[in-house]
Amino acid sequence: MATIKDVAIMANVSPSTVSRVIKGNTRISKETTQKVHDCMRALNYVPNQMARSLVTKRSKTIGIIQKSGGDSIKQNPFLLDVLTGIHRYSDNHAYLTIVTTSTTEQELMIEVQRLIQSQYIEGFIILYSRKNDVIEQLLIDKQCPYVIVGKPLTSEKTLYVDNDNIAAAEDLTQYLVNKGHEKILLLTEQSDYEVFKDRIKGYRQVMFHEHLTPHVHKIDLDRTAIKLSLIELFKMHEFTAIITTDTMLNMMIISVLYELNIRIPEDIKTATFNDSFLNAYASPPQTAVDVLPEQLGQTAVRLLTNKLENVNRYQCQNIIPTRIVQRYSTN
DNA sequence: CATGGGCGTCTTGTTGGCGA
DNA sequence: TCGCCAACAAGACGCCCATG
């Protein structure tokens, strides 16, 4: 890897001159500036961020904390789309990102502690929200700047970006009710994340408002468990539609329904949240609520970098709109 | 001989001050 | 006006010397 010294030697100037050219200092002549730029290109020179941070006291590095868990969480397209938004904004503003990869809660805690101790991470983005989260408390205790992608719970000052998940769930439930469905089942995963609580709340509100009986069932992300649960649920009720609170769960549900010879949309309608390519290419294509994950990611970085740089460059919209993408599964 | 403390050097990039 | 020197940042590492 070429250093500023290598560029200086090649350009026949001192390292400080190269540094000033990089910083766009006007006191360097046009000829020298051009020469230095040519040499940087020829050597594929990229400034060493570690060395730069020694002087500037800034690493321009953001830590992304995702939920602990296995592949079904890490490979969730919603998460990948949020990360795409984060990386897109970070790249454009010369920020680097580090994403946690821990599988268990305990590992995640240790991983985040290490990131804080390294003193190299300027701020964090937490890609979930839930009550009494130890990771968020750790960031508060260590006075690390952070942004939540989800509902703020700890203080009014918490920086966050979120969808109105209650309203989104109301919209989706109402959409099915308007299509004549009265027996709608809501399936959600076993967890205490705020996003799912809000989606259940929105569903319940519409069901109560329409004088219909809500059916909320929490389910493990395990094929056998899902199959047994569905068999039991279908014995007791004749559901005509199922809403799932996340696409990954929905994928498992439609696969199990296929195995049980229950046809979509002929026998039952299905709809879910967090639209992605998976819903478009599912068999049959799934109706889903698009929560604009890339916009969530971009806004999260924007909020964080604005805080880190003590600027109020842009007016940030904290609530990202949602829309229902209608597909064959609810025809 | 093993251990530990203290000091110097090195890493890379930035910047104030100064000479040409 | 231009470009260089030297100091500086935080931490790793090596070397030397004193102590037990």
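Going by the annotation in an unreviewed UniProt entry, the name recorded for chain A is LacI family transcriptional regulator, with Staphylococcus gallinarum given as the source organism.

Trainee: I tried to follow the nonpolar core on my own but got confused; where do I start?
Mentor: Where a protein is soluble and globular, its nonpolar side chains tend to be buried together. Core analysis: the largest hydrophobic core is formed by 40 residues, its most contacted members being Ile-86, Ile-125, Leu-127, Ile-184 and Ile-243. With residues near it in sequence (within four places) discarded, Ile-243 still touches Leu-172, Thr-173, Leu-176, Ile-184, Leu-185, Leu-186, Leu-187, Tyr-203, Ala-271 and Phe-273.

Trainee: Where do I start with empty space enclosed by the protein in this structure?
Mentor: If a probe the size of a water molecule is rolled over the atoms, the empty space left behind becomes visible. The final tally for this structure, using the stated rule, is one cavity of 30 Å³ or more. Taken together, 28 residues form the lining of the largest cavity, with Lys-67, Phe-78, Leu-127, Val-195 and Asn-274 sitting closest to its centre. Put simply, the parts of the chain that give the lining of the largest cavity at least two residues each are helix H5 (71-74), helix H6 (77-92), strand E5 (159-163) and helix H10 (194-209). Here the lining of the largest cavity gets five residues from one element, more than from any other, and that element is H10. Classifying every residue of the lining of the largest cavity gives 13 nonpolar, seven polar and eight charged. Inspection of the lining of the largest cavity shows a minimum of three residues originating in each of domain 2 (61-163 + 294-321) and domain 3 (165-292 + 325-330).

Trainee: Which parts of the structure should I look at to understand the layout of surface pockets?
Mentor: A volume near 540 Å³ is recorded for the largest pocket. Surrounding the largest pocket, 18 residues form its lining, Tyr-45, Pro-47, Asn-48, Ala-51 and Arg-52 being those nearest its centre. Sorting the residues of the lining of the largest pocket by element identifies helix H2 (15-22) and helix H4 (49-56) as the ones contributing at least two each. Per-element accounting of the lining of the largest pocket gives the leading share, five residues, to H4. By residue class, the composition of the lining of the largest pocket is nine nonpolar, five polar and four charged. Its volume calculated, the second largest pocket comes out at about 260 Å³. The wall of the second largest pocket is formed by Leu-139, Ile-140, Gln-143, Cys-144, Pro-145, Tyr-146, Thr-154, Ser-155, Lys-157, Thr-158, Leu-159 and Lys-307. Looking at the lining of the second largest pocket residue by residue, the class counts come to six nonpolar, four polar and two charged.

Trainee: Which parts of the structure should I look at to understand the protein's contact with DNA strand C?
Mentor: Close to DNA strand C lie 13 residues, the nearest being Ser-14, Thr-17, Arg-20, Arg-27 and Thr-32. Protein-proximal atoms of DNA strand C, defined as those within 4 Å of the protein, fall in sugar or phosphate at a share of 56%. Within the backbone of Ser-14, one N or O atom sits 2.7 Å away from a phosphate oxygen of DNA strand C. Backbone polar atom of Ser-29 to a phosphate oxygen of DNA strand C: 3.2 Å apart, as the coordinates give it. Looking at the surface near DNA strand C, the elements with two or more residues in it are H2 and H4.

Trainee: Got a minute to help me understand the domain arrangement of chain A in this structure?
Mentor: Many structure descriptions define interface size as the accessible area lost when the parts assemble. Taken domain by domain, chain A consists of domain 1 (4-47), domain 2 (61-163 + 294-321) and domain 3 (165-292 + 325-330). One C-alpha centre belongs to domain 1, the other to domain 3, and the line joining them spans 59 Å.

Trainee: Please clarify how the protein's contact with DNA strand B should be interpreted in this entry.
Mentor: Around DNA strand B lies a shell of 13 residues, among which Ile-4, Ser-16, Arg-27, Arg-52 and Val-55 are the nearest. Tyr-45 has a polar side-chain atom sitting 3.0 Å from a phosphate oxygen of DNA strand B. Counting residues per element, the ones that place at least two in the surface near DNA strand B are H2 and H4. Taken together, the residues of the surface near DNA strand B break down into five nonpolar, four polar and four charged.

Trainee: Honestly, the sheet that holds strand E3 (residues 123-126) in this entry has me stumped. Any pointers?
Mentor: Sheet strands pair by backbone hydrogen bonding; their relative direction is either parallel or antiparallel. Spatially, six strands are ordered E2-E1-E3-E4-E5-E11 in an open sheet, and the strand pairing comes out parallel. Both edges of this open sheet fall to strand E2 (96-99) and strand E11 (319-320), since each of them pairs with a single strand only. Of the pairings in the sheet, the one linking E5 to E11 comprises two bridges and is parallel in character. Paired with Asn-163 across the two strands is Ile-320, which belongs to E11. Strands in contact with helix H8 (residues 134-141) are strand E1 (61-65), E3 and strand E4 (146-149); relative to E4, the strand with the most contacts, it is inclined by about 160 degrees. Against the sheet, helix H14 (residues 293-308) makes contact with E1, E3, E4, E5 and E11, and its axis sits at roughly 165 degrees relative to E5, the strand it touches most.

Trainee: Explanation requested: helix H7 (residues 105-117) in the structure shown.
Mentor: In an α-helix there are 3.6 residues to a turn, and that puts residues three or four apart on one side. Helix length check: H7, at 13 residues, gives a terminal C-alpha distance of 18 Å against a target of 18 Å (1.5 Å per residue), a fit within 8%. Taken together, the buried positions of H7 are Leu-108, Glu-111, Val-112, Leu-115 and Ile-116. Seen end-on, H7 carries its buried residues on one side only, within an arc spanning 135 degrees. Every exposed residue of H7 that faces more than 90 degrees away from the buried side is listed here: Gln-106, Arg-114 and Gln-117. Trailing H7 by a residue or two, Gln-119 shows a phi angle of about 60 degrees, which is positive.

Trainee: When you look at the packing of H2 against helix H3 (residues 30-42) in this model, what are you seeing that I'm missing?
Mentor: The geometry of a pair of packed helices is captured by two quantities: the angle between their axes and the separation between those axes. As a packed pair, H2 and H3 sit with axes 10 Å apart at the nearest point and diverge in direction by 90 degrees. If you check the angle between H2 and H3, you find them roughly perpendicular. Contacts between H2 and H3 involve Thr-17, Val-18, Val-21 and Ile-22 on the former and, on the latter, Thr-32, Thr-33, Val-36, His-37 and Met-40.

Conventions used here
- Residues numbered from 1 in each chain as written.
- Chains lettered and ligands numbered in written order.
- Predicted model: local features only at pLDDT ≥ 70, side-chain atom pairs only at ≥ 80, totals over all residues.
- Heavy atoms only, no water.
- Core = buried A, V, L, I, M, F, W, Y, C linked by side-chain atoms within 4.5 Å.
- Buried < 20%, exposed > 50% of the residue type's maximum accessible area, 1.4 Å probe, protein only.
- Contact = heavy atoms within 4.5 Å.
- 1 Å grid on protein atoms, 1.4 Å probe; cavity = no way out; pocket = protein on both sides within 12 Å on 5 of 7 lines; lining within 4 Å.
- Points joined across faces, edges and corners; volume = space filled by probe spheres on them.
- Helix = DSSP H or I, 4+ residues; strand = E, 2+ residues; numbered from the N terminus.
- Nonpolar A, V, L, I, M, F, W, Y, C, P; charged D, E, K, R; others polar.
- Domains from an automatic or database assignment.
- Near = heavy atom within 4 Å.
- Polar contact = N/O pair within 3.5 Å; in protein donor to acceptor, adjacent residues only side chain to side chain.
- Pairing = 2+ DSSP bridges.
- Axes fitted to C-alpha atoms, helices over the stretch in contact; angles between N-to-C directions.
- Expected span 1.5 Å × (residues − 1).
- Arc of directions from axis to C-beta.
- Parallel < 35°, antiparallel > 145°, perpendicular 65-115°, else oblique.

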